[in-house]
Amino acid sequence: MKSPIKDQNIALIAHDSRKADMLDWVKYNVDTLLSNKLVCTGTTGKLIKEFLELYTKENDIETDINIELKNSGPLGGDAQIASLVVEGKIDLCVFLIDDLTSNPHEADIQMLLRQCRIHNIPVACNRHTADLIITSKLWKNTDYIPSEPRYIHYKR
């Protein structure tokens, strides 16, 4: 099946205990991801880049791996990606969060998720949602225009 998502900017972020899930998801969606630009936080991006380089080499695929590495999340990487969301430079965010551990940079995590909501960027925090979003036919539908969020008081 040909992927409906192409030439988009996809942010990929995973906390340490979710990196294995992220790599499994990347492996499952490798062909789709190779046709998009990836923006990742530090360690997650290094792992994904290593996998993509090995995959393309082993499968004789000649393509430029379009991946941009930001800082590690606790060192400002989540904030860097949030800034790209505000600038309109991210089309999809997959953020596999460790919900069982407290994070010292919780404010940055919440800021990134908030900016995705405010700027109407699809954000997936688990693999199932990420699969549903990345395979959506709406990516190819030129008639589909996402409605802007409306922040107005609702009167009954």
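Residues numbered from 1 in each chain as written. Predicted model: local features only at pLDDT ≥ 70, side-chain atom pairs only at ≥ 80, totals over all residues. Heavy atoms only, no water.

1. Some words on unusual backbone geometry
Under the convention used in this document: Numbering of helices and strands starts at the N terminus; helices are DSSP runs of H or I of at least 4 residues and strands are runs of E of at least 2. Exposure is judged per residue with a 1.4 Å probe applied to protein chains only, and the accessible area is read against the type maximum: over 50% gives exposed, under 20% gives buried, and values in between give partly exposed.
Even without a glycine there, the phi angle at Asp60 is positive, about 50°. As for its placement among the helices and strands, Asp60 is situated in the loop between α3 (42-58) and β3 (67-69). By relative accessible area, Asp60 is classed as exposed at 71%. In this structure, Asn120 takes a positive phi of about 60° despite not being glycine. Among the structural elements, Asn120 can be located in the loop between α5 (106-118) and β5 (123-124).

2. Observations concerning the layout of surface pockets
Rules: For cavity detection a 1 Å grid was placed over the protein atoms alone, and a set of points counts as a cavity when a 1.4 Å probe fits there but cannot get out; an open set counts as a pocket when protein lies on both sides within 12 Å along at least five of seven lines, with lining residues being those that have an atom within 4 Å of a point. Grid points are joined across faces, edges and corners, and a volume is the space filled by probe spheres set on the points. Charged means Asp, Glu, Lys or Arg here, nonpolar means Ala, Val, Leu, Ile, Met, Phe, Trp, Tyr, Cys or Pro, and polar covers whatever is left, Gly included.
Estimates place the volume of the largest pocket at around 430 Å³. In this structure, the largest pocket is lined by 17 residues; those nearest its centre are Asp91, Pro122, Trp139, Tyr144 and Pro146. Here the lining of the largest pocket is composed, by residue class, of 9 nonpolar, 6 polar and 2 charged.

3. Description of the packing of helix α1 (residues 19-28) against helix α6 (residues 127-134)
Applied cut-off: The angle between two axes is taken between their N-to-C directions and runs from 0 to 180 degrees, where each axis is a line fitted to C-alpha atoms and a helix contributes only its stretch in contact. Roughly parallel covers angles under 35 degrees, roughly antiparallel covers those over 145, roughly perpendicular covers 65 to 115, and oblique covers all other angles. In this scheme, a crossing is called left-handed if the near helix is turned counterclockwise away from the far one by less than a right angle; it is called right-handed if the turn is clockwise. It only takes one pair of heavy atoms within 4.5 Å for two residues to be counted as in contact.
Two numbers describe how α1 lies on α6: the axes approach to 11 Å, and their chain directions differ by 25°. In terms of axis orientation, α1 runs roughly parallel to α6. As for how α1 packs across α6, the hand of that crossing is right-handed. Between α1 and α6, the residues in contact are Asp21, Asp24, Trp25 and Tyr28 and Arg127, Ala130, Asp131 and Ile134, respectively. Residue composition of the contact of α1 with α6, by class: 4 nonpolar, no polar and 4 charged.

4. Points about the environment of Ile109
Its place among the elements puts Ile109 in helix α5. Since its relative accessible area comes to 1%, Ile109 is described here as buried. Ile109 sits 26 residues away from Thr135 along the chain, and the two C-alpha atoms are 25 Å apart. When residues no more than four places from it in sequence are discounted, the contact partners of Ile109 are His15, Asp78, Phe95, Ile97 and Asn103.

5. Observations regarding the packing of aromatic side chains
Heads up, the rule is: When the centres of two rings from Phe, Tyr and Trp lie within 6.5 Å, Trp using its six-membered ring, the rings pair. Their planes under 30 degrees apart give stacked, over 60 give edge-to-face, and anything left gives tilted.
Scanning the model with the defined rule gives 1 aromatic pair in all. Seen in terms of ring centroids, Phe51 and Tyr55 are 5.8 Å apart; in terms of plane orientation they differ by 35°. Their pairing is tilted. Placement of both Phe51 and Tyr55 in helix α3 is noted, with a separation of 4 residues, approximately one turn of the helix. Of the two residues examined, Phe51 and Tyr55, each falls in the buried class.

6. Overview of the sheet that holds β3
For clarity, the cut-off: Strands were regarded as paired on the criterion that DSSP finds at least two bridges between them.
Strand order in the open sheet formed by 5 strands is β3-β2-β1-β4-β5, with parallel pairing between adjacent strands. Two strands close off the open sheet at either side, each with one partner strand: β3 and β5. Against the sheet, α1 touches β1 (9-14) and β4 (92-96), its axis set at about 145° to β1. Along the sheet, α5 makes contact with β1, β4 and β5, crossing β4 at roughly 150°.

7. Remarks on the nonpolar core
This is how it is decided: Residue types Ala, Val, Leu, Ile, Met, Phe, Trp, Tyr and Cys, when buried and joined through side-chain atoms within 4.5 Å, form a set referred to as a nonpolar core.
By size, the foremost hydrophobic cluster in this structure holds 25 residues, and its most contacted members are Leu12, Met22, Trp25, Val26, Leu38 and Ile48. At the level of elements, β1, α1, α2 (30-34), β2 (37-40), α3, β4 and α6 are the ones that each hand at least two residues to this core. Not counting chain neighbours up to four residues away, the residues in contact with Leu12 comprise Met22, Trp25, Val26, Leu38, Val39, Cys40, Thr41, Thr44, Ile48 and Val94. Judged by nonpolar contacts, the second largest core, of 16 residues, contains Ile13, Val85, Leu113 and Ile121.

8. Some details on the pattern of salt bridges
The condition that has to hold: Here, a salt bridge means any Lys or Arg side-chain nitrogen found within 4 Å of an Asp or Glu carboxyl oxygen.
Going through the model one piece at a time under the given rule, you end up with 7 salt bridges. For Asp16, the salt bridge is made with Lys19, and the minimal N-O distance between the two is 3.5 Å. A salt bridge links Arg18 to Asp21; the nearest nitrogen and oxygen atoms lie 3.2 Å apart. Note on Asp21: relative accessible area 28%, which makes it partly exposed.

Nothing here speaks to function; it is geometry throughout.
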